[in-house]
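Observations on the three-dimensional arrangement
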Amino acid sequence: SMEVQQKKFDVSGFTLKMIAVVTMLIDHIGAVILEGGLAEKYNSQTLWLLDQVLRDIGRLAFPLFCFFIVEGFHYTHDRKKYALRLGIFAVLSEVPFDMAFDHTYFKPDDNSVMITLLLGLISIWVIDTLFTKSAARFSGDIKKRRICDAISVIAVIVCVYIIEEWASSDYGAAGVVTMIIMYLMYEDKLLGFAIAVIWLGLTCGDTELIAAVDLVPLYFYHGRQGRKMKYFFYAFYPAHLLVLSLIAKAAGLWAYQM
């Protein structure tokens with residue numbers, strides 16, 4: 001029956017996270033090791049080509065991370081704790097990120113994707129709060145409410161662009177807007193994800209459109225969380241960057257400019 005089939009093809013949140021983590025790792029092997037000096041060191045066309053393939057596969061990761069922030073925002077019991085957890089791991093990730101991508105221990109003007117995700121969470125939280133307020137205030141007047149909501153979204157996005165001028169984190173303001181799009185389109189997750197990927201393609205380069213492949217596993221995701229390994233996914237980010245950067249350092253790749 002239909003139900004049996006749905007059970008058979010059901011992708012859990014855990015599986016989606018694994019796809020994101022594995023594709024991110026593949027991406028960063030390209031960025032940190034190959035682009036980090038190996039391809040230059042051997043001046044090899046093959047290595048540059050391999051790098052391109054790895055980076056293309058890596059495009060699947062970021063929109064999935066955005067998707068989890070929006071899901072997490074809806075599912076979490078404690079938004080403050082959720083934001084604090086992201087904030088703590090953003091701080092823990094900074095040195096490994098700078099080692100991996102800048103060949104230095106601290107570079108305040110180049111910041112990790114954790115900052116982007118945290119900004120995304122805060123942005124949708126603010127928008128959500130403003131929406132709730134306008135719903136209460138203009139309960140009888142749908143038109144006023146829509147106008148008020150539109151102004152709220154625009155105001156938050158303007159603030160995000162100003163903050164990102166200074167924060168300059170991975171994917172920047174465009175990355176934060178990706179999460180805002182997914183939040184606004186939460187009722188239709190697949191369409192929301194598709195529009196968010198198109199937005200990324202327009203703002204961060206055509207290769208981002210490869211992330212449309214994520215729509216396949218997303219189609220089979222029905223909100224089931226699957227295995228709980230919350231801290232693994234947070235800790236994996238700084239941990240894998242630290243390991244990759246130490247491999248690059250040991251291989252003498254820090255001599256090459258990033």
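Each remark here, short or long, concerns the structure printed above.
To start, this report covers the structure provided alongside it. The model shown is predicted, which means the values in this text are computed figures rather than measured ones.

Moving on: the overall build of the protein chain. Regarding its fold elements, the protein chain presents 11 helices and 0 strands. From first element to last, N terminus to C terminus, the protein chain shows the α and β order α-α-α-α-α-α-α-α-α-α-α. A compact globule built from 258 residues should have a C-alpha radius of gyration of about 18 Å, and the protein chain, at 20 Å, falls within 12% of that. Principal-axis analysis of the C-alpha atoms places the extent of the protein chain at approximately 70 × 50 × 35 Å. In the protein chain, buried positions account for 46% of the 258 residues. Within the protein chain, contacts between residues at least 6 apart in sequence are counted, and of these 75% link residues at least 24 apart.

What follows concerns the side chain of Asn111. Looking at the element boundaries, Asn111 is found in the loop between helix H5 (79-102) and helix H6 (113-137). Exposure remark for Asn111: the relative accessible area of 10% places this residue in the buried category.

Helix-helix packing is characterised by the crossing angle of the two axes and by the distance between the axes. Viewed as axis vectors pointing N to C, H5 and helix H11 (residues 230-250) meet at an angle of 10°, and their least axial separation amounts to 7 Å. With respect to their mutual orientation, H5 and H11 come out roughly parallel. Between H5 and H11, the residues in contact are Tyr82, Arg85, Leu86, Phe89, Leu92, Ser93, Pro96, Phe97, Met99, Ala100 and Phe101 and Lys230, Tyr231, Tyr234, Ala235, Tyr237, Pro238, Leu241, Leu242, Ser245 and Leu246, respectively. For the contact of H5 with H11, the residue count by class is 17 nonpolar, 2 polar and 2 charged.

Any covalent bond linking the sulfur atoms of two cysteines counts as a disulfide. Inspection of every chain in the model, using the stated rule, returns 0 disulfides. The structure places no disulfide on Cys204, whose sulfur is separated from the nearest cysteine sulfur, that of Cys66, by 9.8 Å. Looking at Cys204, the relative accessible area reads 27%, which means it is partly exposed.

On to the packing of helix H4 (residues 61-75) against helix H8 (residues 172-184). One can describe the packing of H4 onto H8 by two numbers: an axis separation of 9 Å at closest approach and a directional angle of 50°. Here H4 lies oblique to H8, going by the angle between them. The chirality of how H4 crosses H8 is right-handed. For the pair H4 and H8, contact is made by Phe62, Pro63, Cys66, Phe67, Ile69, Val70, Phe73 and His74 and by Gly175, Thr178, Met179, Met182 and Tyr183, respectively. For the contact of H4 with H8, the class distribution of residues is 10 nonpolar, 3 polar and no charged.

Conventions used here
- Residue positions are given per chain, counted from 1 along the sequence in the order it is written.
- In view of the model being predicted, local features appear only for residues whose pLDDT reaches at least 70, and side-chain atom pairs are presented and counted only at 80 or more, with totals across whole chains, interfaces and linings using the full set of residues.
- Where side-chain values are given, they derive from all heavy atoms of the structure, hydrogens and water being excluded.
- Under the DSSP-based scheme used, a helix requires at least four consecutive residues in state H or I and a strand at least two consecutive residues in state E, with every element numbered from the N terminus.
- This radius of gyration counts C-alpha atoms alone. The globule rule is 2.2 Å times how many residues there are, raised to the power 0.38.
- Any residue under 20% of the maximum accessible area for its type is buried, any over 50% is exposed, and the rest in between are partly exposed; the area is computed with a 1.4 Å probe on protein chains only.
- Only heavy atoms enter the contact rule, under which two residues are in contact if any of them lie within 4.5 Å.
- Fitted lines through C-alpha atoms serve as axes, helices being fitted only where they are in contact, and the angles separating the N-to-C directions of these axes extend from 0 to 180 degrees.
- Working definition: roughly parallel below 35 degrees, roughly antiparallel above 145 degrees, roughly perpendicular at 65 to 115 degrees, and oblique for all remaining angles.
- Classification used: nonpolar for Ala, Val, Leu, Ile, Met, Phe, Trp, Tyr, Cys and Pro, charged for Asp, Glu, Lys and Arg, polar for all others including Gly.
- A pair of sulfur atoms, both from cysteines and within 2.5 Å, is called a disulfide here.
- In this scheme the handedness of a crossing depends on how the near helix is turned from the far one: anticlockwise by less than a right angle means left-handed, clockwise means right-handed.

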